[in-house]
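Per-entry structural report
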Amino acid sequence: VSTIPYAGRAFPRTHPVHLSAMARRHGVPAADPAACRVIELACGDGLNAVAMAAADPGVSVTAVDIDPDAIAVGQEAVAALGLGDRADLRVADIGDVPDLGAADFVVCHGLYAWVPEPIRAAALATIAGSLAPAGVAFLSFNLRPGWLVRQGLAEGLRRHASDFGAVRDLLAQLGPALAGRDDVYARLLGEQVARLSGWEDHLVMHDDLGPHTTSFWNGDVAAAAAANGLRVLCDGDPEAPQPDELTDLVSGRAYRELLLVGEDAAIGEPLPAIPGRARYASEPGERPVGYALARWQAARGPRVTTLRHTSVTIPDAAGRVILALCDGSRDRAALAADAARAPEAGVTRAELEAAMDDALDRLAASALLQEVSSPRRAAPRSPAA
Ligand SMILES: C[S@@+](CC[C@H](N)C(=O)[O-])C[C@H]1O[C@@H](n2cnc3c(N)ncnc32)[C@H](O)[C@@H]1O
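Residues numbered from 1 in each chain as written. Predicted model: local features only at pLDDT ≥ 70, side-chain atom pairs only at ≥ 80, totals over all residues. Heavy atoms only, no water.

Core analysis: the biggest nonpolar cluster contains 64 residues, and Leu-293 and Ile-322 have the highest contact counts within it. Top element by residues in this core is helix 2 (residues 47–55). It accounts for 8 residues. Apart from residues no more than four positions distant in its own chain, Ile-322 is found in contact with Leu-335, Ala-339, Leu-352, Met-356, Ala-359, Leu-360 and Leu-363. Listed in part, the 31 residues of the second largest apolar core include Val-64, Trp-114, Ala-123 and Ala-225. (Core = buried A, V, L, I, M, F, W, Y, C linked by side-chain atoms within 4.5 Å. Buried < 20%, exposed > 50% of the residue type's maximum accessible area, 1.4 Å probe, protein only. Helix = DSSP H or I, 4+ residues; strand = E, 2+ residues; numbered from the N terminus. Contact = heavy atoms within 4.5 Å.)

Spelled out as C-alpha cells, the structure:
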C-alpha cells in the first residue's frame, strides 16, 4: 500500500506570500515573504519547499520527511539548482526531530490526520518550538463531520480489498451498483466513489486509505494546538469563514487548513499585505529563460511547478523539451534546432519552428518563464545549521 510514491506538488496556500498576507489581514505582523525562513514538516519530496527557495533568492527553507527516497528527489533538485545555501532537506522523524531553529512560516501539510497520535503531538510541539514571535504555521487535516462519508467508503474498501488492484476493482463495481438509485445515501456514496475513481493512485492510497487516516472536529485540533501553546488565527482558505464547528456541521466541509500562531503573538488591527512582485515574464522575449525548477522537472516528467507556486502538467514531450532548453542562451531558431535533436520530442525541426511562438506563449501564460531583469531582492537568511 505505501509503496506508491507520494508525488509532490506545489501548494499555493502554503507559500509565504499567502501565509504572510492572511496573517497580516488578521492583525499579525508576519514577515516579508521575500525575506523569510520557512520550515516544512513531512515535506514528501520537498519540492514544495524547494520551489519557494528556487523562485525567490530572499527565501530559505528547511524541510524534513521520514522517507529517504522522497527526500533524495528534493536533494537532487537542490544540488542541480545550486540552492544548497538556502534549501536544507533532511531525513528526520517528526517524533524525534532535531531543533530546526526559528522560522517565520512553518508548514505541515498532509500529516496531521494521517499519522498516529504521538506523531501528531510531536508535530504540534515542533511547530510551537519553531515559530518566530510573529511566525505563522499552516496545518491541514481532514475535518468532521464532513469527512465521515469518505471515512465510511475508505473503511469499506480497506475491509474488502486486499491490494490496490482490488480497490480499483471494487470502486468499478460500486458505480454500477449505485446506478439508478436516487436516495440520499446513494448520492453521497456515489460522489465519493466518483471522486476516488478519478484520482491518481498515490492520492487514493495516502489521502483516503492510509492505515492511520482519520479526521477531527475543528475544536479538538484547536484544543490540541492550545495545549502546545498555539492558537488558531484563521482558516488558511481566504474564501472560508472563521473556523467554527456548527458552520462545519452545516457546510459538510471535509478538509481544513488552519493558520496557527504562538499564544503570545501580538494580534492587532488588520495590516496591509507586503506587496509581492510578479516574477514571471508575461512575454517570452527573444531568448526565453525557463523557471529553473520547472526546467529540471520538465526533463523528468509532465508535472512542473510554476512561478505562481502552482503545479501544472505539460502533456506533450516537445513542450517539455523546449522548456528544459530555455536557459536564456537560445533564441527561437536555436530552440527549434536543439529540440529537434532530442529523440523524445518526436517532432521535426520544421514543425518545431512553426509551433515555437505558440509553445513559448503557452509557457509564458503558465508562469513558467522568468523575468529577465533582476531588480533588488532582500538578502537571504541562512538555514539553521
Ligand atoms: C500525505 S504525505 C504529504 C506530503 C506533502 N506534505 C504533501 O502534502 O504533498 C505524508 C508525508 O508524511 C511523511 N511522514 C509520515 N510520518 C512521518 C514522520 N513520523 N516523520 C516525518 N515524516 C513523516 C511521509 O513520509 C509522507 O511524505
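From this point, the discussion proceeds with the structure in view.
This part is about helix 8 (residues 201–208). Of all 8 residues in helix 8, 6 are buried, a share of seventy percent or more. Of the residues making up helix 8, those classed as buried are His-202, Leu-203, Val-204, Met-205, Asp-207 and Asp-208. For helix 8, the secondary structure elements touched by its buried residues are strand 5 (131–142), helix 5 (148–160), helix 6 (164–178) and helix 7 (184–197).

Our next topic: the environment of Val-304. Along the chain, Val-304 turns up in strand 8 (residues 303–305). By relative accessible area, Val-304 is classed as buried at 1%. Those residues in contact with Val-304 that sit more than four places away from it in its chain are Ala-294, Gln-297, Ala-298, Thr-310, Ser-311, Val-312, Ile-314, Leu-323 and Leu-368.

This part takes up the site of the ligand. Taken together, 16 residues surround the ligand, and among them Ala-42, Asp-65, Asp-93, Ile-94 and His-109 come closest. One of the side-chain nitrogen or oxygen atoms of Asp-93 is found 2.8 Å away from a nitrogen atom of the ligand. Between the ligand and Ile-94, the relevant distance is 2.8 Å, taken from a nitrogen atom to a main-chain nitrogen or oxygen of the residue. Here the ligand has 600 Å² of accessible area as a free molecule, and 88% of this is covered by the chains. The class makeup of the residues in the shell around the ligand is 9 nonpolar, 3 polar and 4 charged. (Near = heavy atom within 4 Å. Polar contact = N/O pair within 3.5 Å; in protein donor to acceptor, adjacent residues only side chain to side chain. Areas by Shrake-Rupley, 256 points an atom, 1.4 Å probe, with all protein chains shown as cover. Nonpolar A, V, L, I, M, F, W, Y, C, P; charged D, E, K, R; others polar.)

Before going further, it helps to examine the sheet that holds strand 2 (residues 59–65). Reading across the sheet, the 7 strands line up as 3-2-1-4-5-7-6 and stay open at both edges, with mixed pairing between neighbours. Two strands bound the open sheet, and with one partner strand each, they are strand 3 (87–91) and strand 6 (230–235). Here the average twist between neighbouring strands, direction ignored, is 20°. Note: strand 1 (residues 36–41) against strand 4 (residues 103–108), 4 bridges, orientation parallel. Each residue of the ladder has a partner; that of Glu-40, found in strand 4, is Val-107. Contacts between helix 1 (residues 16–25) and the sheet are confined to strand 1, strand 4, strand 5, strand 6 and strand 7 (255–262), with strand 4 contributing the most and set at about 110° to the helix. (Pairing = 2+ DSSP bridges. Axes fitted to C-alpha atoms, helices over the stretch in contact; angles between N-to-C directions.)

Most of strand 3 is tucked away, with 4 of its 5 residues classed as buried. Note that strand 2 and strand 3 share 5 bridges and pair parallel. Looking across to strand 3, one finds that Ala-63 is bridged to Leu-89. The handedness of the strand 2 to strand 3 crossover, carried by helix 3 (residues 68–81), is right-handed. (Right-handed = clockwise from strand over helix to strand, strands pointing away.)

Attention shifts here to the state of the cysteines. Evaluated as defined, the whole model comprises 0 disulfides. Its sulfur unpaired, Cys-36 is 16 Å from the next cysteine sulfur, which belongs to Cys-43. For Cys-36, a relative accessible area of 0% corresponds to the buried category. The closest cysteine sulfur to the non-disulfide-bonded Cys-234 is located on Cys-108, 17 Å from its own sulfur. (Disulfide = S-S within 2.5 Å.)

Turning to the pairing of strand 7, a few remarks are in order. For strand 7, the buried fraction is high: 7 of the 8 residues fall into the buried class. With 6 bridges connecting them, strand 5 and strand 7 associate as antiparallel partners. Bridge pairing in strand 7 places Leu-139 opposite Leu-258. Here strand 6 runs beside strand 7; their pairing, made up of 5 bridges, is antiparallel. By the bridge assignment for strand 7, Arg-231 is matched with Val-261.

Turning next to the packing of helix 5 against helix 7. Taken N-terminus to C-terminus, the directions of helix 5 and helix 7 make an angle of 65°; their axes are 10 Å apart at the nearest point. With respect to helix 7, the axis of helix 5 lies roughly perpendicular. In terms of crossing hand, the pair formed by helix 5 and helix 7 is right-handed. Contact with helix 5, carried on its side by Val-149, Arg-150, Leu-153 and Leu-157, involves Leu-188, Leu-189, Gln-192, Val-193, Arg-195 and Leu-196 of helix 7 and no other residues of that element. Here the contact of helix 5 with helix 7 is built from residues that sort into 7 nonpolar, 1 polar and 2 charged. (Parallel < 35°, antiparallel > 145°, perpendicular 65-115°, else oblique. Left-handed = near helix turned anticlockwise from the far one by under 90°.)

Before going further, it helps to spend a moment on the pattern of salt bridges. Within the structure shown, the criterion is met by 19 salt bridges. Residue Glu-257 pairs with Arg-13 through a salt bridge whose shortest N-O separation is 2.6 Å. With Glu-257 in strand 7 and Arg-13 in the segment before helix 1, the pair connects residues that are 244 residues apart, well separated along the chain. Using a relative accessible area of 6% as the deciding quantity, one classes Glu-257 as buried. Given the relative accessible area of 30%, Arg-13 is considered partly exposed. Residue Asp-56 is joined to Arg-279 by a salt bridge in which the shortest nitrogen-to-oxygen separation is 3.3 Å. Of this pair, Asp-56 sits in the loop between helix 2 and strand 2 while Arg-279 sits in the loop between strand 7 and helix 11 (292–298), placing them 223 residues apart in sequence. Look at Arg-279 and you get buried, because its relative accessible area is 13%. The network of salt bridges with common partners includes Asp-235, Asp-248, Arg-253 and Arg-256. (Salt bridge = Lys/Arg side-chain N within 4 Å of Asp/Glu carboxyl O.)

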